[in-house]
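Residue-level listing of the chains:
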Amino acid sequence: MNLESYFPVLLFILVGIGVGGGAMLVGRVLAPNNPDGQKLSPYECGFEAFEDARMQFDVRYYLVAILFILFDLEIAFLFPWALAYREIGPVGFWAMMIFLGVLVVGFIYEWTRGALDWE
């Protein structure tokens, strides 16, 4: 096993850790540090926090977040397809139509199940 080929990777990791740690160290040394009660109090959108910050969120929040990520990633597949549209030919076109069909079926299913309703 030739370990010399991994030296650039190790060097990159060490430089990254050094730059990140150095920036944190410079910030710690040069930044003013005078906390008071006002700065350490909880702040929430311009008014005092009215509930515990550790309260549980409604499961619908997580569902909407996961659906957003899912559909966002699926739509991201459309950009390379659109750029290579002329080169992929009819087979690529129909493959993408099947993909979009599955995407639409999933969207309709989630819509009918009420996953997108926010009460």
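Predicted, not measured: the structure shown is a model, and the values here were computed from it.

With that settled, the discussion passes to a nonpolar patch on the surface. Taken together, the side chains of Met1, Leu3, Tyr6, Val9, Phe12, Ile13 and Ile17 define a hydrophobic patch exposed on the protein surface, amounting to about 890 Å² of accessible area. Relative to the assigned elements, Phe12 resides in helix H1 (residues 7-30). With a relative accessible area of 66%, Phe12 lands in the exposed category.

The end-to-end C-alpha separation of helix H5 (residues 85-113) is 34 Å, well short of the 42 Å expected for 29 residues at 1.5 Å each. Along H5, the sharpest kink reaches roughly 75°, centred on Val91. The set of residues buried in H5 consists of Gly92, Met96, Leu103 and Glu110. Buried residues in H5 make contact with helix H3 (59-76) and helix H4 (78-83). One or two residues past the end of H5 sits Gly114, with phi positive at roughly 85°.

Turning to the packing of aromatic side chains, a few remarks are in order. Per the counting criterion, the structure on display carries 6 aromatic pairs. Judged by centre distance (5.5 Å) and plane angle (80°), the ring pair of Trp81 and Tyr85 falls under edge-to-face. When its relative accessible area of 18% is taken as the criterion, Trp81 is described as buried. Ring geometry for Phe107 against Trp111: centres 5.7 Å apart, planes inclined by 55°, an arrangement best described as tilted. On the criterion of helical spacing, the pair formed by Phe107 and Trp111 is a turn pair, its members being 4 residues apart in helix H5. Following the ring pairs from residue to residue traces out a cluster consisting of Trp81, Tyr85, Phe93 and Trp94.

Here Glu110 shows up in helix H5. Despite its burial, Glu110 remains without a salt bridge, the nearest opposite charge being carried by Arg113 at 9.9 Å. Not counting residues up to four positions away in its chain, the partners in contact with Glu110 are Leu67, Leu70, Phe71, Ala115 and Leu116.

Attention shifts here to H1. Over its 24 residues, H1 extends 34 Å from the first C-alpha to the last, a length consistent with the 34 Å expected when each residue adds 1.5 Å. For H1, a buried count of 0 out of 24 residues is recorded, marking the element as mostly open to its surroundings.

This part covers the confidence of the model for the protein chain. Per-residue confidence for the protein chain gives a mean pLDDT of 84; residues scoring 70 or more make up 88%. Looking across the protein chain, the model is least confident in helix H2 (residues 37-40), with a mean pLDDT of 77, and most confident in H1, with 95.

With that settled, the discussion passes to the side chain of Glu74. Within the element layout of this structure, Glu74 appears in helix H3. Buried charge Glu74 goes without a salt bridge, the closest partner of opposite sign being Arg113 at 17 Å. Discounting chain neighbours no more than four positions away, the residues touching Glu74 are Phe99 and Leu103.

What counts and what doesn't
- Residues numbered from 1 in each chain as written.
- Predicted model: local features only at pLDDT ≥ 70, side-chain atom pairs only at ≥ 80, totals over all residues.
- Heavy atoms only, no water.
- Patch = residues over 30% accessible without salt bridge, like charges linked within 9 Å, V, L, I, M, F, W, Y side chains within 5 Å.
- Areas by Shrake-Rupley, 256 points an atom, 1.4 Å probe, with all protein chains shown as cover.
- Salt bridge = Lys/Arg side-chain N within 4 Å of Asp/Glu carboxyl O.
- Helix = DSSP H or I, 4+ residues; strand = E, 2+ residues; numbered from the N terminus.
- Buried < 20%, exposed > 50% of the residue type's maximum accessible area, 1.4 Å probe, protein only.
- Expected span 1.5 Å × (residues − 1).
- Bend = angle between axes of the 7 residues up to and from the residue.
- Contact = heavy atoms within 4.5 Å.
- Phe/Tyr/Trp six-rings, centres within 6.5 Å; stacked < 30°, edge-to-face > 60°.
- Lys, Arg positive; Asp, Glu negative; His and termini not counted.
- pLDDT = per-residue confidence, 0-100.

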